Amino acid sequence: MQKLRILAAALAASISAFPSVALAHKEQVIDVPGSADFLAVDGDSVWATNIGKVERWARQGKLAEVAMSRPCGAMAIHAGSLWVADCKESALVRIDIQKSQKVVTIATGIANPKGELNVVAGAGAIWVASDQKGVVSRIDPATNKVVAKIKVSAGTHYLTFGYDAVWAVSSESKTIQRIDPATNAVVKTTALGKEPGFLTAGVGAVWVQEQGDGTVARIDPVTVEVTGRVKVGEVLKYGDIDTGAGLVWLRTTEAQTFVAIDPVNLTVVSRLGKAEGSGALRYSVSGLWTSAHDVKTITWWPEPVLALGM
């Protein structure tokens, strides 16, 4: 965050002397036919789910695509591979990111066939919510086999990994669950607000969208208790969330494209972009990627633009 503040001050000084500098750092909108949605950062590029395929995009254009039946949900990159849920095949697909080829399809089951779910990597494993009744499956990337099935609350679809744990949210039971990878078991469950959904771990906490309340909840990773909330809007439908540069980044569907949240003061410090419907968001060291499948675009927001928005 300090880096962004320093950059913002320096850039503001530059703009006062050279107005053309602002134009050089404007966000870049990339037209993407179809319905590009969930994102996974791969160096200077980003993978996106689309209709019948996943695609790799850079600022220069499309780099690769791999056909799938119906890719869905947030993806993970681990062990040289992109791990993607396939909602039609009810399976997890492993793709070699160098060759842009399928490696294997693993019959895991998919908890939410509508596609609102996460595949995550952590503790040397891949994790996916694999049964609506309440199961998270652990896959060993060395063998491409399911090595454990963890019992969780019914309706658990959303996962993240951080602070040595898998975090699982059930919108049905309105809870967050901490899974210990050492025991493959839930060790703590905490109540959440209305319609909890996507979540992320970073900047000192676990952060959960409470979509029905228009809030983001901050969870202490040790006590697994809610330590505060940020009111962002009336609702947080169909957005996404990530952390980076000392901030929480939240993809929104009303009034703007995304917001930046101060994790300490629990305030919205910036609102950027115009409202452009549903989509995803991922932070990278050089900036931020957002998708907007309703208007068929992916946008790269360079760090100077993020600084200007603060």
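Each remark here, short or long, concerns the structure printed above.
All figures in this text were calculated on a predicted structure; none of them were measured in a lab.

**A few points about the sheet that holds strand β12 (residues 135–140)**
As summarised here, the arrangement of the 4 strands in space is β10-β11-β12-β13, forming an open sheet in which the pairing is antiparallel. Edge positions in the open sheet fall to β10 (119–122) and β13 (145–151), since each of these has one partner strand only. Strand-to-strand twist in this sheet, taken as the mean axis angle between neighbours without regard to direction, amounts to 30°. Inspection of the sheet shows β10 paired to strand β11 (residues 125–131) by 4 bridges, in the antiparallel sense. When the sheet's bridge partners are listed, A121 is paired in β11 with I126.

**Details of the state of the cysteines**
In total, this model carries 1 disulfide according to the counting rule given. Each disulfide pairs two cysteine sulfurs, and for C72 the partner residue is C87, the sulfurs being separated by 2.1 Å. The chirality of the disulfide connecting C72 with C87 is right-handed, given an S-S dihedral of about 95°. Of this pair, C72 sits in strand β6 (residues 71–78) while C87 is found in the loop between β7 (81–86) and β8 (91–96), placing the two residues 15 residues apart along the sequence. For the pair shown, C72 and C87 are each scored as buried.

**Remarks on the environment of P141**
Here P141 lies in the loop between β12 and β13. Among the residues examined, P141 registers a relative accessible area of 13% and is labelled buried. Expressed as a C-alpha distance, the spacing of P141 and G124, which sit 17 residues apart in the sequence, is 7.7 Å. Among residues more than four places away in sequence, those in contact with P141 are H78, W83, R94, G124 and A125.

**Comments concerning the nonpolar core**
Residues I176, L199, V216, I219, V232, L250 and I261 are the most contacted members of the largest nonpolar core, which totals 28 residues. Counting only elements with at least two residues in this core, the list comes to β15 (165–170), β18 (196–202), β19 (205–210), β20 (215–219), β23 (247–251) and β24 (258–262). With 4 residues, β19 is the single largest residue contributor to this core. Counting 13 residues, the second largest nonpolar core, distinct from the first, contains C72, A76, L117 and I139.

**With respect to the sheet that holds strand β14 (residues 156–162)**
Sheet strands pair via backbone hydrogen bonds, and the direction of the pair is either parallel or antiparallel. Here 4 strands make up an open sheet; going across it, the order is β14-β15-β16-β17 and the pairing antiparallel. Edge strands, defined here as strands with exactly one partner in the open sheet, are β14 and β17 (185–191). The mean inter-strand angle of the sheet, taken between neighbouring strand axes irrespective of direction, is 25°. By the bridge criterion, 5 bridges tie β15 to strand β16 (residues 175–180) in an arrangement that is antiparallel. Of the residues in β16, the one forming a bridge with W167 is R178.

**Quick look at the packing of aromatic side chains**
Within the structure shown, the criterion is met by 5 aromatic pairs. Note on W249 and Y283: the rings are 6.3 Å apart at their centroids and 10° apart in plane angle, and the pair reads as stacked. You can see W249 sitting in strand β23 and its partner Y283 sitting in strand β26 (residues 281–284), a full 34 residues away along the chain. By the burial criterion, W249 is buried, and Y283 matches it. The interplanar angle of 80° and the centroid separation of 5.0 Å between the aromatic rings of F258 and W301 together place this pair among those described as edge-to-face. In this pair, F258 sits in strand β24 while W301 sits in strand β28 (residues 297–302), placing the two residues 43 residues apart along the sequence. When sorted by exposure, F258 lands in the same class as W301, which is buried. Through successive ring pairs, a cluster of aromatic residues spans W249, F258, Y283 and W301.

Rules used throughout
- Residues numbered from 1 in each chain as written.
- Predicted model: local features only at pLDDT ≥ 70, side-chain atom pairs only at ≥ 80, totals over all residues.
- Heavy atoms only, no water.
- Pairing = 2+ DSSP bridges.
- Helix = DSSP H or I, 4+ residues; strand = E, 2+ residues; numbered from the N terminus.
- Axes fitted to C-alpha atoms, helices over the stretch in contact; angles between N-to-C directions.
- Disulfide = S-S within 2.5 Å.
- Buried < 20%, exposed > 50% of the residue type's maximum accessible area, 1.4 Å probe, protein only.
- Contact = heavy atoms within 4.5 Å.
- Core = buried A, V, L, I, M, F, W, Y, C linked by side-chain atoms within 4.5 Å.
- Phe/Tyr/Trp six-rings, centres within 6.5 Å; stacked < 30°, edge-to-face > 60°.

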